Amino acid sequence: MALSYLRSSSSRSANLLRPLSSAASLRRPISTDTTPITIETSVPFTSHQCEAPSRSVETNPSELLTFFRDMALMRRMEIAADSLYKAKLIRGFCHLYDGQEAVAVGMEAAITKKDCIITAYRDHCTFVGRGGTLLEVFAELMGRQAGCSKGKGGSMHFYKKDSNFYGGHGIVGAQVPLGCGLAFAQKYSKDESVTFALYGDGAANQGQLFEALNISALWDLPAILVCENNHYGMGTAEWRAAKSPAYYKRGDYVPGLKVDGMDALAVKQACKFAKEHALKNGPIILEMDTYRYHGHSMSDPGSTYRTRDEISGVRQERDPIERVRKLILSHDLATEKELKDIEKEVRKEVDDAIAQAKESPMPEPSELFSNVYAKGLGAESFGADRKELRATLA
Amino acid sequence: MLGVVRQKMLGQSLPKIRPVVSVLRSYSSAAKQMTVRDSLNSALDEEMSADPKVFLMGEEVGEYQGAYKISKGLLEKYGPERVRDTPITEAGFAGIGVGAAYYGLKPVVEFMTFNFSMQAIDHIINSAAKSNYMSAGQMSVPIVFRGPNGAAAGVGAQHSQCYAAWYASCPGLKVLTPYSSEDARGLLKAAIRDPDPVVFLENELLYGESFPVSDEVLDSSFCLPIGKAKIERVGRDVTITAFSRMVGHALKAAEILEKDGIDAEVINLRSIRPLDRSTINASVRKTNRLVTVEEGFPQHGVGAEICASVVEESFAYLDAPVERIAGADIPMPYAANLERLAVPQVEDIVRAAKRACYRSVPLAAAA
């Protein structure tokens, strides 16, 4: 395999081999090779009320290596969060995304930061995909000042407005009308951008989703509803919650596409297709067939309603990182050792971020009263004992 | 003449209005009159004209000209992009409004009555009110939720609830309750300009009432401060707090009390959150007696909060227990006589004020 590359353009192979072969550098640069490669998605797309895009996806070595690195980072981050939670450094809710990384990563590859993303509470990786840092993630999870919400939000309330990431929402399904509102504003402002509103198979039955979809279709809003179907709404399997678990069809008059959510390239293709569609024709639904390895949250072992065989089966057959690893190796874009090195680097990045986050202090007590309003007007607010603790809101 | 003036005034800038008003002045000494409906309409019009990010959304706000004609003429003037008729789906369109506010637009979301806001209350509280705090200031929500609140006439239990206490208990919201036309204009303009979510509680029975409005009020830059109550009537003997329609009742009660030698101070709260505790307490420290009046259910109501505030801050100044007048502690009945018993009447306020002054029956010596 390697020989065939040496035979071809020497400058390209030099490009490929030079940076990757230098083992000395601490921070290995990801290949910048953007020579197009065409790869077929794992399965063809299934469509509803529209013509499915081709299953041949254009990518390149740089993108595939970025996918690998980003997903490996997200995977490590979530597993580290698991440990921190068990060590009681993270409190309350913690909903982990490991297994679903391809959705976050494939989506980002198809869109820009002018497009908006809004999701529910399983938001750590989506936040990182939008440009959030590991420090902001871990510090927020531990309730520290360096957190993306300065410790005031917690796991479910990550936001990054400067990259058009609108959270991070704790109420199941509420983010869908909010996302359609973002799309409304984009159209109103003539921004030529779209909104991806993500929700789970559990939220897919929410009435407000259909209310918002109806309005979006009436008003031709550039809204893309993305059902991250990991097949379990908390502990309830999809077939127990939905009379019709064909979520991509639930839009009725709104077109839909069913996508292998464990295949980052399929996700990318679908999102690219959806964006073009939404800008011209209004809302569309994408159903991402995905899977979460963890339970619903840290208080759920995830095995009372599904078998360990099922979980390990998915890990064996469909893991998104393994899929990209095989692609990279089979196309000779990197060696196994190089990929393992990337994983080691990523692990170190995560460990460093955790160490830094632990150094970050908890918020000052005065922060209790900050940001209640954008404009406080000098109104008063009170602590538990108002004669002891009161503040004027700025 | 007055009718012509009113039509000309809507949607036009001040320079055109002034000469007409001064002509009026030369004919009579009465100030210009304006209905609450026209006040709200003109405020919406002016704010939409001043800021292209402001848009109106709700059931029947466009082609129907508004269920209560508050948005009359706005569709024609601003077009269907900015005046949006929605389906009857409060949860959906309230959420869409909040999402638009996240992005930076300034939505005015109308609920046909606030009874229907309960369908959307999760978006008002969890999506709007709390977002600025949870995001440590990244996500401000410059939205206004407005519509008629409280009892109308004969509309029954499901269409008569007052939501002031519920919304005003929630940190992150601002809750306003206009009474007069001046209130309606000034507070709605302030609400639309404010960067935080505002719940703007109007009252259907006030829409048709006329109030005098000065030149200052008619100016397109007119704005009232949020969080400040207005002393509608200065008095010495007892403080009566009220908001929305009950301010009118309180003023009528004050006229009756005056004949009995009780000089009541009437405070129009205007803002339930932030609540102007300092104006209320300053008044009670002067009069030493307090009657709170509201239309809504008594338990955990606005009067309960005012009473607690006065007990905490001005206990030594109270010469009598605080009196509360509120809607009856029952779902609103339909029959006219029962409805009358379920809503505060002027005589209820008079009676409570006299009790606060220890004068529920004339003293034998005074009789």
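Residues numbered from 1 in each chain as written. Chains lettered and ligands numbered in written order. Predicted model: local features only at pLDDT ≥ 70, side-chain atom pairs only at ≥ 80, totals over all residues. Heavy atoms only, no water.

- By the naming in an unreviewed UniProt entry, chain B is Pyruvate dehydrogenase E1 component subunit beta, taken from Hibiscus sabdariffa.
- Quoted verbatim from the Function (unreviewed entry) heading of the UniProt record, the comment on chain B is "The pyruvate dehydrogenase complex catalyzes the overall conversion of pyruvate to acetyl-CoA and CO2."
- Taken verbatim from the UniProt record of chain B, the Catalytic activity (unreviewed entry) comment is "N(6)-[(R)-lipoyl]-L-lysyl-[protein] + pyruvate + H(+) = N(6)-[(R)-S(8)-acetyldihydrolipoyl]-L-lysyl-[protein] + CO2". (UniProt positions renumbered as here; feature names shortened; annotations may be inferred.)

- The name given to chain A in an unreviewed UniProt entry is Pyruvate dehydrogenase E1 component subunit alpha, and the organism recorded there is Hibiscus sabdariffa.
- Listed in UniProt under the heading Catalytic activity (unreviewed entry), the comment for chain A reads: "N(6)-[(R)-lipoyl]-L-lysyl-[protein] + pyruvate + H(+) = N(6)-[(R)-S(8)-acetyldihydrolipoyl]-L-lysyl-[protein] + CO2".

1. Describing the pairing of strand 5 (residues 144–148) of chain B
Residues and elements named next belong to chain B.
1) Next: Of all the five residues making up strand 5, five are buried; the element is thus mostly covered by neighbouring parts of the structure.
2) Next: Where strand 5 meets strand 7 (residues 198–202), five bridges bridge the pair, whose relative direction is parallel. Bridge pairing in strand 7 places Gly147 opposite Leu201. (Buried < 20%, exposed > 50% of the residue type's maximum accessible area, 1.4 Å probe, protein only. Helix = DSSP H or I, 4+ residues; strand = E, 2+ residues; numbered from the N terminus. Pairing = 2+ DSSP bridges.)

2. A few points about the interface of chain A and chain B
1) Next: Facing 50 residues of chain A, the contacting portion of chain B comprises 52 residues.
2) Next: Of the roughly 4,200 Å² buried at the junction of chain A and chain B (both faces included), carbon and sulfur atoms supply 62%.
3) Next: Of the charged contacts, one joins Arg386 of chain A and Glu312 of chain B as a salt bridge, the two residues approaching to 3.3 Å between their closest N and O atoms.
4) Next: In this structure, the connection of chain A to chain B is made through 22 residue pairs in polar contact (both at pLDDT 80 or more).
5) Next: Sorting the residues of the side of chain A that touches chain B by element identifies strand 4 (116–118), helix 7 (175–188), helix 8 (207–218) and strand 11 (380–382) of chain A as the ones contributing at least two each.
6) Next: In terms of residues, the side of chain A that touches chain B owes the most to one element, helix 7 of chain A, which gives nine residues. (Contact = heavy atoms within 4.5 Å. Buried area = accessible area lost by both parts, 1.4 Å probe. Salt bridge = Lys/Arg side-chain N within 4 Å of Asp/Glu carboxyl O. Polar contact = N/O pair within 3.5 Å; in protein donor to acceptor, adjacent residues only side chain to side chain.)

3. Overview of the packing of helix 3 (residues 61–86) of chain A against helix 10 (residues 264–281) of chain A
Residues and elements named next belong to chain A.
1) Next: Packing of helix 3 against helix 10 leaves a shortest axis separation of 11 Å and a crossing angle of 110°. With respect to each other, helix 3 and helix 10 are oriented roughly perpendicular. Across the interface between the two elements, Glu63, Leu64, Phe67 and Met71 from helix 3 touch Ala264, Leu265 and Lys268 from helix 10.
2) Next: Tallied by class, residues from the contact of helix 3 with helix 10 come to five nonpolar, no polar and two charged. (Axes fitted to C-alpha atoms, helices over the stretch in contact; angles between N-to-C directions. Parallel < 35°, antiparallel > 145°, perpendicular 65-115°, else oblique. Nonpolar A, V, L, I, M, F, W, Y, C, P; charged D, E, K, R; others polar.)

4. Describing the packing of aromatic side chains
1) Next: Summed over the entire model, instances satisfying the criterion amount to 17 aromatic pairs over all chains.
2) Next: Centre to centre, the rings of Tyr166 of chain A and Tyr102 of chain B are 6.4 Å apart; their planes meet at 5°, and the pair counts as stacked. Separated into two different chains, Tyr166 of chain A in the loop between helix 6 (134–141) and helix 7 and Tyr102 of chain B in helix 5 (residues 90–103) make up a pair that spans both.
3) Next: For Tyr166 of chain A, a relative accessible area of 2% translates into the label buried.
4) Next: Centre to centre, the rings of Tyr179 of chain B and Phe211 of chain B are 5.1 Å apart; their planes meet at 75°, and the pair counts as edge-to-face. In this pair, Tyr179 of chain B sits in the loop between strand 6 (174–176) and helix 9 (181–193) while Phe211 of chain B sits in strand 8 (residues 210–213), placing the two residues 32 residues apart along the sequence.
5) Next: Judged by relative accessible area, which is 8%, Tyr179 of chain B ranks as buried.
6) Next: By relative accessible area, which is 9% here, Phe211 of chain B ends up buried.
7) Next: What links up through ring pairs into an aromatic cluster is the set Phe93, Phe111, Phe114, Phe145, Tyr163, Trp166 and Tyr167 of chain B. (Phe/Tyr/Trp six-rings, centres within 6.5 Å; stacked < 30°, edge-to-face > 60°.)

5. Examining the pattern of salt bridges
All names here are of chain B.
1) Next: By the definition in use, this model includes 49 salt bridges over all chains.
2) Next: Notably, a salt bridge pairs Arg236 with Asp263, separated by 3.8 Å at the nearest N-O pair. Taken as a pair, Arg236 in the loop between strand 9 (230–233) and strand 10 (238–242) and Asp263 in the loop between helix 11 (245–259) and strand 11 (264–268) lie far apart in primary sequence, 27 residues in all.
3) Next: Residue classification places Arg236 among the exposed positions, given a relative accessible area of 57%.
4) Next: With relative accessibility at 17%, the residue Asp263 sits in the buried group.
5) Next: Look at the salt bridges and you will find they share partners, linking Glu46, Glu47, Arg185, Lys189 and Arg193 into a network.

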